[in-house]
Structures are given as C-alpha cells and as structure tokens.
Amino acid sequence: MTVARFWRAIPQRYNMVGTKCETCGRVFFPPRSVCPHCRRNGKIVEHKCSGKGKVMTFSIVHSASDQYADMKPYVLAIIELEEGARMTTQVICEPDEVYIGMPVKSVFRVLDREGSDGVIHYGTKFVPDVA
Amino acid sequence: MVGIITYGAYIPRYRIKVEEIARVWGANAAEIKGGLGVSEKAVPDYDENTATIAVEAARSALARRAVDPAEIKAVYVGSESHPYAVKPTAVTVGEAIGATPVMTAADYEFACKAGTAGIQTAMGLVSSGMMKYAVAIGADTAQGAPGDALEYTAAAGGAAYVIGNDDPIAVINHTCSFSTDTPDFWRREGEDYPRHGGRFSGEPGYFKHVTGAAHMMLEHMGTKPADYDYAVFHQPNAKFPQKGAAMLGFTHDQIKTGLLAPRLGNTYSGAVPLGLAAVLDVAKPGDRIFITSYGSGSGSDAFDLTVTDAILDKIDRSKGPSVEAMLACATYLDYAVYARHKGKIKV
C-alpha cells in the first residue's frame, strides 16, 4: 500500500470515523459520501463509531499472506457495530474462544509492517468485551 | 495547582515465567528469582508495540474523565523502544486520541525515566499558562538479549497522565531531579539489544541517583518518609526499590501497592508511571505519594503528590482497567512462542 493511500484512511483506521445520514439515521463505515437509501435527500455528516459491537460471523485463518503469517492461526470476523455498520476485521483471541454473537470492543494495534525498514500501519482490531 | 487530571494504564495479557527463561539457558531459576525478586514478566502481542501501548493507556485516561481532546496541546511519549528510530510515537498517540493537529509533540528517551521526564515537561507547559492540558506517557516493550540477565525482567507496559490545573485528582506539590553522566546501561544506534555495566548499575547508578533525588525532595519539602502514605520507586527488579526504600527510611507497607516488578518485570519508562497508576487505583483523598524514578545514563526524577477529593467525584476510575485487573489477566507463553512474539527469531 502506498504511503498516501494509508495516510488518507488514518481517521477511519485509528478512530473509526465513519459517516451518518441524518435523513434516515443509517451509519456507514467505511464512510460513504452519499446515502444509498436517501440519495439526493440524504444529509451525510461525520460520525465516530463507539467501537462496540458483536461478531456476526468468523473464520479461522490458517494460511495467511506474508504480512500476517506471524499471527496465524488468527480470527477474522465480520463485526456488526452497535451503530449498525458491519466491518471485516481481526478479533484478537484464541481461535476456540470466538463465537457468533460474541460482544467485542475496539483496540489500537499494528495492522502490518512494510518489512523492517518500511512504514508501520496502525489501526483498529477487536477483542472480546468481557466487562 | 498543577496536577494529574486523569490517568490510564495498559499491560499486555501475555507473560513468561522466570523458570521458563532459565530452563532454556540452563540457569538456576531459584537463584535468579531470589536475586531479582521477579517471578514473571509481561510480553507484548505480535501486533503490540510502544505506540499501541501508549494509545491504549491514553484512551483509558480519557475514558475515565471527560477531557476535551482539543484542549490537549502537547503529547510526550517517553520510551527506549520507540517503533521508529526517526518518526515520532507521540503524533500517532495524538491522532488516536483526537488531539491533532493543534498540538506540540515529541518523543523522549532517557532509559527508564523518560516517562517522568515527560510529566515534568507537561507540568512546565501547564504551569506557565501555555496550555490547559498536556499528556505525558511512559511506555516500553523492553528488550533483553537472549540469555542476558536483562531478559528475565525486560517487560512491556505503560501509563498515561493528563496534566492540568483544573480540579486535579492529585496535586503535584513539587518535583526535582538528580542527573549525572554515568554509563551503566546503553544501546548504540542500530543495535537490537542494550548492554549494561552489570553490578555497576547498582551503587553508582540506581542507588546514588534515587537517593540523591529522594533526599533532595525530603529536604525541599521539609518532610520525612513517615509523612507519606505511598511511595513508588523505579523497579528494574524487586530488590533495588526495596533496598532503596529501606536506605531512605520508607517501610514495605508504603511501597507494596506500587511495587509491580514481581509480577510484571521491568517496564522501563512505563515502570514508575504504572506503579503510580496502581496507587491511584486505590488512593483516597488526602493520601500523600512519594515517587522517584531512575533512568540509566543516569538520572532520577522525584515527585511529591497529594490526592484530592476530585479522585472521588471528577473521574470514574471504573471506566478504565485497573492495574490489578490487567495483572490478573495473564496468558502464559513458553520460550519458543515468547521468542516469536518478541521478534527474536530471524528468518
């Protein structure tokens, strides 16, 4: 990924900044600039997601691409945020801990590193919300 | 009065026991545990580093008290394990807590005392009226060379402090420092692991500077050790702070709450900030806290604090994980997996 491409997504990746349509109340993450439901009647504003959600479904990745090989086996899940938007992300827990419906919360982690001399990409992952 | 507005701590969930490290290197675990007073240490996950620890600690601080991030005009991160040699950890933290772009930021390095040096800088900026809030963080993912004495203690963790003037939960009554050029521990540019002067790091290093700064504080304040409810000293192991405390006249009861090294190891720049966080987790209004950090190279920063009523009604300590809760949440690793976690295996 080029430096600029990642840099543009820092608000989303670090702080889960998405958008909300004030007309219908839907929250979009990653952010959309047009509401697909309200179209020209939609009014899009910035919206910071709370970072709370639950596991909709998941997969255990045993055969990972190079930059994630250190972490395998790891849990990749689709999380439904409490605002309603869904995102694909890693859940940091043992593979046998995860289940559909598990409450999760966001944490700040390294997403990947471009080798030993490249940029370190940070962003949001999820952990079980036990509190 | 300038003081701590809110605070947050972070300790990774992984641990390795001294016995497991000793097993691999053919060392006598009982002797090492007896000598260091440390039984296990915290290990970062693959995707954790000083920046992620600093962010989690800072976010915990902001969860405990509604501080407007736009009023945070400075972020300082002290560490000897910044992820980049050149590119600040502090702006990553600033971005992740919403304090950017109207803020100043820098990374500090002073072996194990860079976190307390950041607190002093934040105090100056706030006291001078330059800003309302400044954030100071001490965090590390400390490295010890495989088989070296440091490997038994070099741990991961950190704590963050928002420093300000309005309704602090603890007033910082005074700070003073004692610093000299003493080469007891160092890491040269480009080297993976630090080197140290072995026993030399004791008397001319740790004890001279810790007692130097602590005596200066007692003299400046006209206090004696018995005037304090809690004391936190830098803890490269569990023995040094206990010996240093005894030399100064502090009792075990005063230091036990902030003495985390037996279960945590040495979190370097995070050590005294985490010890103070453990004290603030249980402190009551009126409690007086004595702190002295130590950074090899060498220097010590001493602080005298008084906890205020604001700790009861201005922050909600339950909104962030307590140090005790994070210490209790431990997953143990064997040496091979630990070595993978720490990037000690080169392929």
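The model shown is predicted, which means the values in this text are computed figures rather than measured ones. (Residues numbered from 1 in each chain as written. Chains lettered and ligands numbered in written order. Predicted model: local features only at pLDDT ≥ 70, side-chain atom pairs only at ≥ 80, totals over all residues. Heavy atoms only, no water.)

### Observations regarding the overall build of chain B
Condition: Starting at the N terminus, helices and strands are each numbered in turn, a helix being any DSSP run of H or I of at least four residues and a strand any DSSP run of E of at least two. All radius of gyration figures rest on C-alpha atoms, and the globule criterion is 2.2 Å times the number of residues raised to 0.38. For every residue, the accessible area obtained with a 1.4 Å probe (protein chains only) is divided by the maximum for its type, and the residue is called buried under 20%, exposed over 50%, and partly exposed between those limits. Contacts between residues were defined by any pair of non-hydrogen atoms, one from each residue, lying within 4.5 Å. In these tables, accessible area is a Shrake-Rupley quantity obtained with a 1.4 Å probe, and a residue counts as shielded only by the protein chains included in the view. Lys and Arg are tallied as positive, Asp and Glu as negative. Neither His nor the chain termini are counted. Positions of charges follow a simple convention, taking NZ of Lys, CZ of Arg, CG of Asp or CD of Glu.
Tallying secondary structure elements over chain B gives 13 helices and 14 strands in all. The C-alpha radius of gyration of chain B comes to 19 Å, within 12% of the 20 Å expected for a compact globule of 347 residues. Dimensions of chain B, computed from the C-alpha atoms along their principal axes, are close to 55 × 45 × 35 Å. Across the 347 residues of chain B, 60% fall into the buried class. For chain B, contacts bridging at least 24 residues in sequence account for 79% of all contacts bridging at least 6. Accessible surface for chain B amounts to roughly 12700 Å². Of this, 54% is attributable to carbon and sulfur atoms. Side-chain charges in chain B split into 32 positive and 38 negative, and the spacing between the mean points of these groups amounts to 3 Å.

### Side note on the packing of aromatic side chains
For any two aromatic rings, the description comes down to two numbers: the centre-to-centre distance and the angle of the planes. Residues and elements named next belong to chain B. Heads up, the rule is: Centres within 6.5 Å are what make two rings of Phe, Tyr or Trp a pair, Trp counting through its six-membered ring; a difference in plane orientation under 30 degrees is then read as stacked, over 60 as edge-to-face, and the rest as tilted. Only when the NZ of Lys or the CZ of Arg is both within 6 Å of the ring centre and within 35 degrees of the ring normal is a charge said to sit over the ring.
This model, assessed by the stated rule, comprises 17 aromatic pairs over all chains. With 4.9 Å between their ring centres and 50 degrees between their planes, F207 and F240 make a pair best called tilted. Placement of the pair is F207 in helix α6 (residues 202-221) and F240 in helix α7 (residues 239-248), with a sequence separation of 33 residues. One cation-aromatic arrangement involves R64 over Y7; the distance from NZ or CZ to the ring centre is 4.4 Å.

### Topic: the side chain of T116 of chain B
Residues and elements named next belong to chain B. Using the following cut-off: Here a polar contact is taken to be a pair of N or O atoms separated by no more than 3.5 Å, where protein atoms must pair a possible hydrogen donor with a possible acceptor and residues adjacent in sequence count only if both atoms sit in side chains.
Mapping T116 onto the fold places it in helix α5 (residues 114-127). Engagement of the side chain of T116 in a polar contact is seen with the side chain of D301, the distance being 2.8 Å. Apart from residues no more than four positions distant in its own chain, T116 is found in contact with V272, S293, D301 and F303.

### Let's talk about the UniProt feature "domain: ChsH2 C-terminal OB-fold" (unreviewed entry) in chain A
Note the following rule: UniProt positions are given in the numbering used here, feature names are shortened, and annotations may be inferred rather than shown by experiment.
In the numbering used here, UniProt assigns the feature "domain: ChsH2 C-terminal OB-fold" (unreviewed entry) to residues 49-109 of chain A. Across residues 49-109 of chain A one finds 0% helix and 51% strand; the C-alpha atoms that close the span lie 17 Å apart.

### Side note on unusual backbone geometry
Looking along the chain, the bond that leaves F29 of chain A and enters P30 of chain A is cis, with omega of 0 degrees. The topology assignment puts P30 of chain A in the loop between β2 (27-28) and β3 (44-48). Following G297 of chain B, the chain continues to S298 of chain B via a peptide bond in cis, the omega torsion being 10 degrees. Here S298 of chain B lies in strand β13 (residues 297-307). Of note, R39 of chain A is a non-glycine position whose phi angle comes to about 50 degrees, a positive value. Structurally, R39 of chain A can be placed in the loop between β2 and β3. R39 of chain A gets classed as exposed once you look at its relative accessible area, which sits at 61%. Positive phi is not limited to glycine here, since A111 of chain B has a value of about 40 degrees.

### Re the packing of helix α3 (residues 50-64) of chain B against helix α4 (residues 89-96) of chain B
All names here are of chain B. Note the following rule: Orientation is described by axes fitted as lines to C-alpha atoms, over the contacting stretch for helices, and by angles from 0 to 180 degrees between their N-to-C directions. Here the angle decides the label: under 35 degrees means roughly parallel, over 145 means roughly antiparallel, 65 to 115 means roughly perpendicular, and every other value means oblique. When the near helix sits turned anticlockwise from the far one by under a right angle, the crossing is termed left-handed; a clockwise turn instead gives a right-handed crossing. In this classification, Asp, Glu, Lys and Arg are treated as charged, Ala, Val, Leu, Ile, Met, Phe, Trp, Tyr, Cys and Pro as nonpolar, and every other residue, Gly included, as polar.
For the pair α3 and α4, interaxial distance at closest approach is 9 Å and the crossing angle is 40 degrees. If you check the angle between α3 and α4, you find them oblique. The two elements α3 and α4 meet at a crossing, and its hand is right-handed. Where α3 abuts α4, its residues A51, A54, V55, A58 and R59 lie against T89, T92, V93 and A96. When its residues are assigned to classes, the contact of α3 with α4 shows 6 nonpolar, 2 polar and 1 charged.

### Looking at the sheet that holds β3 of chain A
Residues and elements named next belong to chain A. Operational definition: Between any two strands, at least two bridges found by DSSP are needed for them to pair.
Sheet architecture is open: 3 strands sit in the order β2-β1-β3, paired in antiparallel fashion. At either end of the open sheet lies a strand with only one pairing partner, and these are β2 and β3. Summarising the sheet, strand β1 (residues 17-21) and β2 pair through 2 bridges and their orientation is antiparallel. Note that in β2 the partner of K20 across the bridge is V27.

### Let's talk about the interface of chain B and chain A
The line we're drawing: What gets called buried area is simply the loss in accessible area from a 1.4 Å probe that two parts show on being joined, summed for both. Throughout this description, the term salt bridge denotes a Lys or Arg side-chain nitrogen within 4 Å of a carboxyl oxygen of Asp or Glu.
Every contact between the two is made by 20 residues of chain B and, on the other side, 21 residues of chain A. A combined buried area of about 1700 Å² lies between chain B and chain A, and 46% of that area is made up of carbon and sulfur atoms. On inspection of chain B and its partner chain A, the count reaches 5 salt bridges. Among the salt bridges present, the one from D45 of chain B reaches R109 of chain A, with a minimum N-O distance of 3.3 Å. Where chain B meets chain A, there are 13 residue pairs in polar contact (both at pLDDT 80 or more). Within the residue set of the side of chain B that touches chain A, elements represented by two or more residues are α3 and α4 of chain B. Element by element, the count of residues in the side of chain B that touches chain A is highest for α3 of chain B, at 5 residues. By residue class, the composition of the side of chain B that touches chain A is 8 nonpolar, 4 polar and 8 charged.

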